[in-house]
Amino acid sequence: MSINNSDILIEDSKNSEATNSSSKDQPNTQPPNDPIVQSKEIVYHSYHGEEELEGIMQLMQEYLSEPYSIYTYRYFINNWPQLCIMASCEGKLIGTVVCQLEQMRIDDVDTGKGYIAMLAVREEFRKQRIGTTLVYKSIQKMIELGCEEVILEAEVTNKGALRLYSNMGFIKDRYLHRYYLNAVDAWRLKLFLKSAYKN
Ligand SMILES: CC(C)(COP(=O)(O)OP(=O)(O)OC[C@H]1O[C@@H](n2cnc3c(N)ncnc32)[C@H](O)[C@@H]1OP(=O)(O)O)[C@@H](O)C(=O)NCCC(=O)NCCS
């Protein structure tokens, strides 16, 4: 898969602008077919400041099984604000992805390892590729920052998330027994950016 950075607008872009795909192999970020929702504009932007934190926490708490403290949110979002991408519709937050990027120097070469910590889309807005677009935009940012691979964990029962990530080129890297506090097993998923998203 080969994707040019110019194909996707990372910040402050609207759903109609994020569809400039040039290859059928690229993740499909086409707007939805649903005529009611399609008429509403979805705006993507990265985290601006503390006033947005409460909304992100509420969204994640509503849809993620794992409870996270405000310190966890602050850790990720304050350290990597550009990797916290938000989707809004008519001023309402409808989806967010929260990521981390560990940057290191190996054999005199700068490299980076990305981590997708949290992802959620409001139930009534699902299956319109908003989740895919959020992840895609965060990965584009990671590539700009020198990232070589991205990992995350997902519950083995989470069909939606597993499909989303599989469609984007993530592979199952490791099975994690009773990984979550609710004792559900997880898959560690990995995406090698060199082979997937870089030219
Ligand atoms: C997982 C989640 C973020 C997906 O968001 P979304 O905006 O609906 O995702 P997309 O529209 O980009 O869908 C991507 C793919 O997943 C599929 N998918 C989405 N939800 C699905 C579900 N419940 N069951 C099966 N497939 C599903 C879509 O059909 C699409 O695949 P396709 O193109 O082959 O049809 C959303 O369901 C969610 O917020 N879930 C609760 C929180 C969560 O589980 N977060 C992930 C933690 S790892």
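This text goes with the structure placed above it.
Given the structure is predicted, the values throughout are model-derived calculations rather than measurements.

What counts, and at which threshold
Residues numbered from 1 in each chain as written. Predicted model: local features only at pLDDT ≥ 70, side-chain atom pairs only at ≥ 80, totals over all residues. Heavy atoms only, no water. Core = buried A, V, L, I, M, F, W, Y, C linked by side-chain atoms within 4.5 Å. Buried < 20%, exposed > 50% of the residue type's maximum accessible area, 1.4 Å probe, protein only. Contact = heavy atoms within 4.5 Å. Phe/Tyr/Trp six-rings, centres within 6.5 Å; stacked < 30°, edge-to-face > 60°. Helix = DSSP H or I, 4+ residues; strand = E, 2+ residues; numbered from the N terminus. Lys NZ or Arg CZ within 6 Å of the ring centre and 35° of its normal. Polar contact = N/O pair within 3.5 Å; in protein donor to acceptor, adjacent residues only side chain to side chain. Near = heavy atom within 4 Å. Areas by Shrake-Rupley, 256 points an atom, 1.4 Å probe, with all protein chains shown as cover. Nonpolar A, V, L, I, M, F, W, Y, C, P; charged D, E, K, R; others polar. Pairing = 2+ DSSP bridges.

(A) Inspection of the nonpolar core at higher detail. Ranked by internal contacts, the top residues of the largest apolar core, which has 53 residues, are Ile116, Tyr165 and Phe170. Leave out the neighbours within four places in its chain, and Ile116 touches Val97, Val98, Cys99, Val135, Met142, Val150, Ile151, Leu152, Tyr165 and Phe170.

(B) Layout of the packing of aromatic side chains. Within the structure shown, the criterion is met by six aromatic pairs. Each ring, one from Tyr75 and one from Trp80, has its centre 5.4 Å from the other, and the planes form 80°; the classification is edge-to-face. Taking 5.0 Å as the distance between ring centres and 85° as the angle between the ring planes, the aromatic pair formed by Tyr175 and Trp187 counts as edge-to-face. One end of the pair, Tyr175, is in strand β7 (residues 171-176); the other, Trp187, is in strand β8 (residues 186-192), with 12 residues separating them in the sequence. When the ring centre of Tyr63 is taken as reference, the NZ or CZ atom of Arg126 above it lies at 4.7 Å.

(C) Geometry of the environment of Tyr175. A relative accessible area of 41% means that Tyr175 is categorised as partly exposed. With 11 residues separating them in the primary sequence, Tyr175 and Ala186 have C-alpha atoms 6.1 Å apart. In contact with Tyr175, other than residues within four places in its own chain, are Val156, Asp185, Ala186 and Trp187. Side-chain polar atoms of Tyr175 contact the side chain of Asp185, separated by 2.7 Å.

(D) Representation of the site of the ligand within the structure. Near the ligand lie 20 residues; those nearest to it are Lys127, Arg129, Thr132, Asn158 and Arg163. One nitrogen or oxygen atom from the main chain of Val121 is found 2.8 Å from an oxygen atom belonging to the ligand. With respect to the ligand, the backbone of Gly131 contributes an N or O atom lying 2.8 Å from an oxygen atom. Relative to its unbound accessible surface of 920 Å², the ligand loses 79% to contact with the protein. For the shell around the ligand, the secondary structure elements donating two or more residues are β5 (109-121), α4 (130-144), β6 (147-155) and α5 (159-167). For the shell around the ligand, the leading source of residues is α5, giving five residues. Here the residues of the shell around the ligand are counted per class, giving nine nonpolar, six polar and five charged.

(E) Fine view of the pairing of strand β3 (residues 84-89). Across the six residues that make up β3, a large majority, six, are buried. Going residue by residue along β3, you find Cys84, Met86 and Ser88 tucked away on one face and Ile85, Ala87 and Cys89 tucked away on the opposite face as well. Pairing geometry for strand β2 (residues 42-46) and β3, over five bridges, is antiparallel. In the strand pairing of β3, Val43 is matched with Ser88. Sheet topology places β3 next to strand β4 (residues 92-106); six bridges connect them, and they run antiparallel. Counted as the bridge partner of Cys89 is Lys92 from β4. Remark: two residues form the turn of the hairpin made by β3 and β4, two consecutive strands paired antiparallel; Glu90 in that turn has positive phi of roughly 50°.

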